[in-house]
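Survey of secondary and tertiary structure
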Amino acid sequence: NAGVTQTPKFQVLKTGQSMTLQCAQDMNHEYMSWYRQDPGMGLRLIHYSVGAGITDQGEVPNGYNVSRSTTEDFPLRLLSAAPSQTSVYFCASSGSGRAVGNEQFFGPGTRLTVL
Amino acid sequence: GNSVTQMEGPVTLSEEAFLTINCTYTATGYPSLFWYVQYPGEGLQLLLKATKADDKGSNKGFEATYRKETTSFHLEKGSVQVSDSAVYFCALNSGGSNYKLTFGKGTLLTVNP
């Protein structure tokens, strides 16, 4: 199993550009999430999905879109990049929410810089 | 709402020293508690977890006990190694919301030989 994979590993954008961060998991997990990690802020939830076709907003959703057409994939779209979106982005997945204490599995991250 | 407060870093220790990283939480219901570790340039890995009061999670010499009375989940290790140098995150979820972890801000640990 590859686990959770993310591409690209690094990306530099100019203000106003758009792009998609890719995330895929091969563990047949129902739940997938996107976080951003900023210095001194820990990880904050951007969007999440509880299954194919179902997504919802997290703590910091503005400027990002998601979709979940398959169980495996959960791309994150930046519509018009801003310097405030410079961050490290992590995708995570977990199994059934009905089981107590299921851990989240994290991808290796995408380091995004917006100039 | 849910929140996690953990010890601010950075923490610098010599090899074989004792480690404690404090973590306290606020949550509705009965949360599950986690410690994740992030090695330089990598994603987060689960270090240990506890799902109910008085549970002790342990892994790789690290331990943490779920204390409901003090709403705490402090991370300890008796003898740290250089290879333990990393950022440690305390986290919780509650209400079966396994898609939504609430994280502390992280504590950078550096262990010197």
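Further up the page is the structure itself.
Residues numbered from 1 in each chain as written. Chains lettered and ligands numbered in written order. Predicted model: local features only at pLDDT ≥ 70, side-chain atom pairs only at ≥ 80, totals over all residues. Heavy atoms only, no water.

1. Overview of the overall build of chain A
For clarity, the threshold we go by: Here a helix means four or more residues in a row that DSSP labels H or I, a strand means two or more in a row labelled E, and each is numbered from the N terminus. For the radius of gyration, the atom set is restricted to C-alpha positions; the globular benchmark scales as 2.2 Å times the number of residues to the power 0.38. Working definition: with a 1.4 Å probe on protein chains only, accessible area under 20% of the residue-type maximum means buried, over 50% means exposed, and in between means partly exposed.
Of the regular secondary structure elements, chain A holds 0 helices and 11 strands. Moving toward the C terminus, one meets the helices and strands of chain A in the order β-β-β-β-β-β-β-β-β-β-β. Its C-alpha radius of gyration of 13 Å places chain A within 12% of the 13 Å reference for a compact globule of 115 residues. Oriented by its inertia axes, the alpha-carbon framework of chain A measures out at about 40 × 30 × 25 Å. Burial status across chain A gives 48% buried among its 115 residues.

2. Digging into the sheet that holds strand β7 (residues 64-66) of chain A
Residues and elements named next belong to chain A. Filter applied, for reference: DSSP bridges decide pairing: two strands pair if at least two such bridges lie between them. Between N-to-C directions, angles span 0 to 180 degrees; the directions come from axes that are lines fitted to C-alpha atoms, helices contributing only their stretch in contact.
Across the sheet, 4 strands lie side by side as β1-β3-β8-β7; this open sheet has antiparallel pairing. Two strands lie at the open edges of the sheet, namely β1 (4-7) and β7, each paired on one side alone. In this sheet, neighbouring strand axes are inclined to one another by 20° on average, regardless of whether the strands run parallel or antiparallel. Bridge count between β1 and strand β3 (residues 19-25): 4 bridges; the pairing is antiparallel. Looking across to β3, one finds that Thr7 is bridged to Gln22.

3. Section: the nonpolar core
For clarity, the threshold we go by: Put simply, a nonpolar core is a bunch of buried Ala, Val, Leu, Ile, Met, Phe, Trp, Tyr and Cys residues held in one set by side-chain atoms that sit within 4.5 Å of each other.
Formed by 26 residues in total, the largest nonpolar core has its most connected members in B:Trp35, B:Leu47, B:Leu48, B:Phe73, B:Leu75 and B:Tyr88. The dominant element in this core, judged by the number of residues it contributes, is strand β10 (residues 86-93) of chain B, at 4 residues. With 19 residues, the next largest nonpolar core counts A:Trp34, A:Leu78, A:Ala81 and A:Tyr89 among its residues.

4. Things to note about the side chain of A:Gln85
All names here are of chain A. As a reminder, the rule being used: A 3.5 Å cut-off defines polar contacts: any pair of N or O atoms within that distance qualifies, except that in protein one atom must be a possible hydrogen donor and the other a possible acceptor, and neighbouring residues in sequence count only when both atoms are side-chain atoms. In what follows, a contact means two residues having at least one pair of non-hydrogen atoms within 4.5 Å.
Tracing the backbone through its elements, the reader meets Gln85 in the loop between β8 (76-78) and β9 (87-94). The class of Gln85 is buried, set by a relative accessible area of 5%. Polar side-chain contacts of Gln85 include one of 3.3 Å to the backbone oxygen of Gly63. What Gln85 contacts, discounting residues up to four positions off in sequence, is Arg36, Asn62, Gly63, Tyr64, Leu78, Ser80, Leu112 and Val114.

5. Considerations on the interface of chain B and chain A
Stated precisely, the cut-off is as follows: Take the accessible area each of two parts loses on contact, using a 1.4 Å probe, and add the two losses: that sum is the buried area. Whenever a carboxyl oxygen of Asp or Glu lies within 4 Å of a side-chain nitrogen of Lys or Arg, that contact is scored as a salt bridge. For this scheme, ten residues count as nonpolar: Ala, Val, Leu, Ile, Met, Phe, Trp, Tyr, Cys and Pro. Four count as charged, namely Asp, Glu, Lys and Arg, and the remainder, Gly too, count as polar.
Listed per partner, the contact involves 20 residues of chain B and 24 residues of chain A. Where chain B abuts chain A, roughly 1,700 Å² becomes buried across the two surfaces, and 56% of that area is made up of carbon and sulfur atoms. In this assembly, chain B and chain A are joined by 0 salt bridges. Along the contact surface separating chain B from chain A lie 3 residue pairs in polar contact (both at pLDDT 80 or more). Those elements giving two or more residues to the side of chain B that touches chain A turn out to be β5 (32-38), β6 (44-50) and β10 of chain B. In terms of residue count, the dominant contributor to the side of chain B that touches chain A is β5(B) (4 residues). Residue composition of the side of chain B that touches chain A, grouped by class: 8 nonpolar, 8 polar and 4 charged.

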